[in-house]
Amino acid sequence: KGDEPDSVTADSAAMASDYDVCVATHRFGTGAVAFFGDVNCEGRTSELVAAFVAGATKEAPVAAWAIASRLQLDADAYASAMQAKSAGNTAFGGGDYAGAIARYDEALALYGDKKGAGAQREEKVKILSNRAECHLRLQEWERAEADAGAAIQLEPMHPKSVLRRAKAYMGPKGTPDERHKLGLAKADLQALGKPGVDVRALLAEVTARSKALGGEP
């Protein structure tokens, strides 16, 4: 919420109302120990905590940018990633799924091993999920499963990614682990909450295929 206090600088009463960022501090000798947790890991939180550490530990200050840079792309790299993503979306819209994958590859290469934070993380999730959809269209089931799973690691229960992972589980037929994969697909589909028509149809397919294989997954 936009009106939440900054826990690092807020008083105890304000901190009690802040569910997004929780910080505990304890003075230790000439310095301090701090614990913080931020479900979205916004860049602002990293900056505040780094500033606190820098102020509390005079002999070994930590610059705010040093912590933020471990998560965030710089402005130029992020802009390039978004250009590559846009090109991928255009290719996808034209049915060029291989071309779209190549552009999404470029965008993700710019992220490297950085998860991003805030909007940057949201965009990385979208890129991974979009690439998963491309792999689905090309019937590259394992790659679709991997990309959807990577998106879910960054944003648990991202609806499109959960649905795409379920479809990836359902893709292969006649494999030794088909029933197991159908069970995983069923779990993902049920986790989506109130299912729409498409999800109900997929659940019906999972049930029918599982029964044909000898029982419920």
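Everything below is about the structure shown above.
Now for a look at the structure at hand.

## Let's talk about the pattern of salt bridges
Per the stated rule, a full pass over the model turns up eleven salt bridges. The shortest N-O distance in the salt bridge between R137 and E133 comes to 2.7 Å. Here the residue R137 and the residue E133 both occupy positions in helix α6 (residues 119–137), the gap between them amounting to four residues, near one helical turn. Using a relative accessible area of 44% as the deciding quantity, one classes R137 as partly exposed. With relative accessibility at 10%, the residue E133 sits in the buried group. Between K181 and E145 there is a salt bridge, with its nearest N and O atoms 2.9 Å apart.

## As for the side chain of D188
Here D188 is to be found in helix α9 (residues 178–191). Ignoring sequence-local partners within four residues, the contact set of D188 consists of V162, R165, A166 and Y169.

## Section: the environment of L110
By the secondary structure assignment, L110 is in helix α5 (residues 97–111). Classification of L110 as partly exposed rests on a relative accessible area of 35%. C-alpha of L110 to C-alpha of A84: the two residues are 26 residues apart in sequence and 9.6 Å apart in space. Every residue in contact with L110, bar those within four places of it in the chain, is listed here: L73, A77, S80 and A81.

## A short note on the nonpolar core
A81, Y111, I127 and C134 are the most contacted members of the largest nonpolar core, which has 19 residues in total. Looking at this core element by element, the count peaks at seven residues for α5. Each residue touching C134, except ones within four places of it in the same chain, is listed here: F92, Y97, A100, I101 and Y104. M170, L182, V199 and L202 belong to the second-largest nonpolar core, a separate cluster that totals ten residues.

## Comments concerning the packing of helix α8 (residues 159–170) against α9
Following both chains from N to C, one finds α8 and α9 inclined at 160°, their axes separated by 8 Å at the closest point. If you check the angle between α8 and α9, you find them roughly antiparallel. Crossing geometry of α8 relative to α9 is assigned as left-handed. Residue-level contacts link V162, L163, R165, A166, Y169 and M170 of α8 to K181, L182, L184, A185, D188 and L189 of α9. Partitioned by chemical class, the residues of the contact of α8 with α9 number nine nonpolar, no polar and three charged.

Thresholds, definitions, all that
Residue positions are given per chain, counted from 1 along the sequence in the order it is written. The predicted nature of this model means local features are confined to residues of pLDDT at least 70 and side-chain atom pairs, given and counted, to a pLDDT of 80 or more, with totals for whole chains, interfaces and linings taken over all residues. Derived side-chain values reflect all non-hydrogen atoms in the structure, with water molecules and hydrogen atoms excluded from consideration. Salt bridges, as used here, are contacts in which a Lys or Arg side-chain nitrogen is within 4 Å of a carboxyl oxygen on Asp or Glu. Labels follow the DSSP assignment, with helices taken as runs of H or I lasting at least four residues and strands as runs of E lasting at least two, numbered in each case from the N terminus. For every residue, the accessible area (1.4 Å probe, protein chains only) is compared with the maximum for its type, and the residue is labelled buried under 20%, exposed over 50%, or partly exposed between those bounds. Contacts: residue pairs with any heavy atoms within 4.5 Å of one another. In this description, a nonpolar core means a group of buried Ala, Val, Leu, Ile, Met, Phe, Trp, Tyr and Cys residues linked to one another through side-chain atoms lying within 4.5 Å. All axes here are fitted lines through C-alpha atoms, helices being fitted over the stretch that makes contact, and every angle between N-to-C directions spans 0 to 180 degrees. Our angle categories are set so that under 35 degrees counts as roughly parallel, over 145 as roughly antiparallel, 65 to 115 as roughly perpendicular, and the remainder as oblique. Crossings are classed by handedness, with left-handed meaning an anticlockwise turn of the near helix from the far one by less than a right angle and right-handed meaning a clockwise turn. As a working rule, the residues Ala, Val, Leu, Ile, Met, Phe, Trp, Tyr, Cys and Pro are called nonpolar, Asp, Glu, Lys and Arg charged, and the rest polar, with Gly in that last group.

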